[in-house]
Amino acid sequence: MRKFLEGKKIILSSINLENVDIFTKWENHFQVRRTLRNVIPITSSQVKKYLEDEKNKPPNHLNFEIWYKPDEKLIGYCGFNFIRWFEKAAEIGFLIGEPKYWNKGCGTEALFLLLEYGFNELNLMKMELEAYSFNLASQKIAEKVGMERELVLKENIFYNGQYHDSFLYGVTRDVWIKNARELKNELGI
Amino acid sequence: MSKDEIKLKAFPFIEGEDVFLCPIQSEHAELYTKWANHPKGRRYSRFVVPITIENARQWAQSTDDIPKNIGFEIWYKKDNKPIGTCGIGDIDWINRTAFLFMNIGEPEYWNKHLGTQAGKLLLKYAFNELNLNRLVVKIYEPNIGSWKVAEKIGFTFEGIQKAAVYVDGKYYGAKAYGLLKEDWLKKGS
């Protein structure tokens, strides 16, 4: 576990390309991929290529591994999927790839650490996250870390034979600065 | 399992009762070549020109963002080994049609209804996830096993293309089958 950002139950560490097979397993696994809405199967060489792109300075996207401290286990990843350096804004996302670690507050902690890092260290002004209407957990997590539902994108996602809405959540720097300390206490980080 | 088989990685993408479908990987090119060149199997799969490892590797590496073909490896759960390939080919995203292909490369796994299982999983994937409207298969008359599979999974016979293929010194016809999403839904997915 190479510690980069630390929470109470989880730590975020830089991506270790040796874990590429684990990431590939999550991207393809039928239980997990619905939350990512991965419709086309992904190979480990594609995952590797995507992660190698993060060596650019500054990168277009930046990801971290999520490790569960008590078990010292790699359980997911999170990061900035698309950074718009001119606007100082980014789209963020997270995945807990091991279903055993769902409903433990790991997603909430990971998202909080990511927001804190984005505002305090990457000097961003705004972050956004897209949550699908059928993924209630991701919506709850976005709301718990102080993000606001800014937009409803109607019938934006085709999943399991039907069209579903997705929601665009956002948080600006001002709102974050106002709420961060209280949030941190509430979440026990 | 032989030493070579142990090196193979599976990233399950779609799960069935006895099989699961995993993404095609260029690292497994040797296996695809073996199946494509198998003297018994290739009569029905119509690989008249032997496929080299390079061909197989190229086929496995799709570089398009919007793929024309999506291939899967069929893994037999009980023996934890890959037994063939299948997938959706020649995808026409505007007209929303595509071909279904299937090749159980290991002859000891023929006649076990695994083709039917994999076929049903592919139909659900093509209609429910890729949002396609019409699927077609073209089966050469001598390949009785395959027409049975096509009919079992719900395809409608549309016609014979006379003298479409030359096998072992004679011309044979090709049976064309089609299936619309609305008919698949009616038949009870």
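The rules we used
Residues numbered from 1 in each chain as written. Chains lettered and ligands numbered in written order. Predicted model: local features only at pLDDT ≥ 70, side-chain atom pairs only at ≥ 80, totals over all residues. Pairing = 2+ DSSP bridges. Helix = DSSP H or I, 4+ residues; strand = E, 2+ residues; numbered from the N terminus. Contact = placed C-beta atoms within 7 Å. Axes fitted to C-alpha atoms, helices over the stretch in contact; angles between N-to-C directions. Left-handed = near helix turned anticlockwise from the far one by under 90°. Nonpolar A, V, L, I, M, F, W, Y, C, P; charged D, E, K, R; others polar. Buried ≥ 20, exposed ≤ 12 C-beta atoms within 10 Å, placed from the backbone. Right-handed = clockwise from strand over helix to strand, strands pointing away. pLDDT = per-residue confidence, 0-100. Parallel < 35°, antiparallel > 145°, perpendicular 65-115°, else oblique.

**Quick notes on the sheet that holds strand β7 (residues 156-167) of chain B**
Sheet strands associate in pairs through backbone hydrogen bonding, adopting either a parallel or an antiparallel arrangement.
All names here are of chain B.
Here is step 1 of the chain: As summarised here, the arrangement of the eight strands in space is β1-β2-β3-β4-β5-β6-β8-β7, forming an open sheet in which the pairing is mixed. Two strands in the sheet have a free side with no partner beyond their single neighbour: β1 (14-15) and β7.
Here is step 2 of the chain: Relative to strand β5 (residues 97-104), strand β4 (residues 81-92) is paired through seven bridges, and the arrangement is antiparallel. Counted as the bridge partner of Ile88 is Leu100 from β5.
Here is step 3 of the chain: The strands that helix α6 (residues 144-152) touches are β6 (134-140) and β8 (170-180); relative to β6, the one it contacts most, it runs at about 160°.

**What to know about the packing of helix α2 (residues 29-37) of chain B against helix α4 (residues 53-60) of chain B**
All names here are of chain B.
Here is step 1 of the chain: At a minimum axis distance of 8 Å, the contact between α2 and α4 shows a crossing angle of 115°. Along this stretch, α2 crosses α4, giving a crossing that reads as right-handed. Only Ile53, Ala56, Arg57 and Ala60 of α4 make contact with α2, whose side of the interface consists of Ala29, Glu30, Tyr32, Thr33 and Ala36.
Here is step 2 of the chain: The class makeup of the residues in the contact of α2 with α4 is six nonpolar, one polar and two charged.

**Considerations on the interface of chain A and chain B**
Here is step 1 of the chain: At the interface, 15 residues of chain A touch 17 residues of chain B.
Here is step 2 of the chain: Considering each element in turn, the side of chain A that touches chain B owes the most residues, four residues, to helix α1 (residues 20-28) of chain A.
Here is step 3 of the chain: When grouped by side-chain class, the residues that make up the side of chain A that touches chain B number six nonpolar, seven polar and two charged.

**Quick look at the pairing of strand β6 (residues 126-132) of chain A**
Residues and elements named next belong to chain A.
Here is step 1 of the chain: Most of β6 is tucked away, with five of its seven residues classed as buried.
Here is step 2 of the chain: Taken together, the three bridges between strand β5 (residues 89-96) and β6 define a ladder with parallel strand orientation. By the bridge assignment for β6, Ala90 is matched with Met127.
Here is step 3 of the chain: The parallel pair β5 and β6, bridged by helix α4 (residues 106-120), forms a crossover whose chirality is right-handed.
Here is step 4 of the chain: As paired elements, β6 and strand β8 (residues 162-172) share seven bridges and run antiparallel to each other. Within β8, the residue paired with Met127 across the bridge is Val171.

**As for the confidence of the model for chain B**
Here is step 1 of the chain: In this model, chain B carries a mean pLDDT of 87, and residues with pLDDT of at least 70 account for 90%.
Here is step 2 of the chain: Across the assembled chains, the prediction reports ipTM 0.77 with pTM 0.85.

**Focus: α1(A)**
Here is step 1 of the chain: Among the residues making up α1(A), those that are buried are Phe23(A), Thr24(A), Trp26(A), Glu27(A) and Asn28(A).
Here is step 2 of the chain: Elements in contact with the buried residues of α1(A): α2 (30-36), α3 (44-52), β4 (73-84) and β5 of chain A together with β2 (19-23) of chain B.

**Let's talk about the sheet that holds β5(A)**
Residues and elements named next belong to chain A.
Here is step 1 of the chain: Taken in spatial order, the eight strands make up an open sheet running β1-β2-β3-β4-β5-β6-β8-β7, and their pairing is mixed. The two strands at the open ends of the sheet, each matched to only one other strand, are β1 (5-6) and β7 (148-159).
Here is step 2 of the chain: Examined bridge by bridge, strand β2 (residues 10-14) and strand β3 (residues 62-68) share five bridges and lie antiparallel to one another. Opposite Ser13, over in β3, you have Glu65 as the bridge partner.

**Description of the packing of α1(A) against α3(A)**
Relative orientation and spacing of two packed helices are given, respectively, by the angle between their axes and the distance between those axes.
All names here are of chain A.
Here is step 1 of the chain: Contact pair α1 / α3: the axes reach a minimum separation of 9 Å and the direction vectors enclose 115°. With respect to their mutual orientation, α1 and α3 come out roughly perpendicular. In this structure, the crossing between α1 and α3 has a hand that is right-handed. Listed contacts from α3 to Val20, Asp21, Phe23, Thr24 and Glu27 of α1 are Ser44, Val47 and Lys48.
Here is step 2 of the chain: Along the lines of polarity and charge, the residues of the contact of α1 with α3 split into three nonpolar, two polar and three charged.

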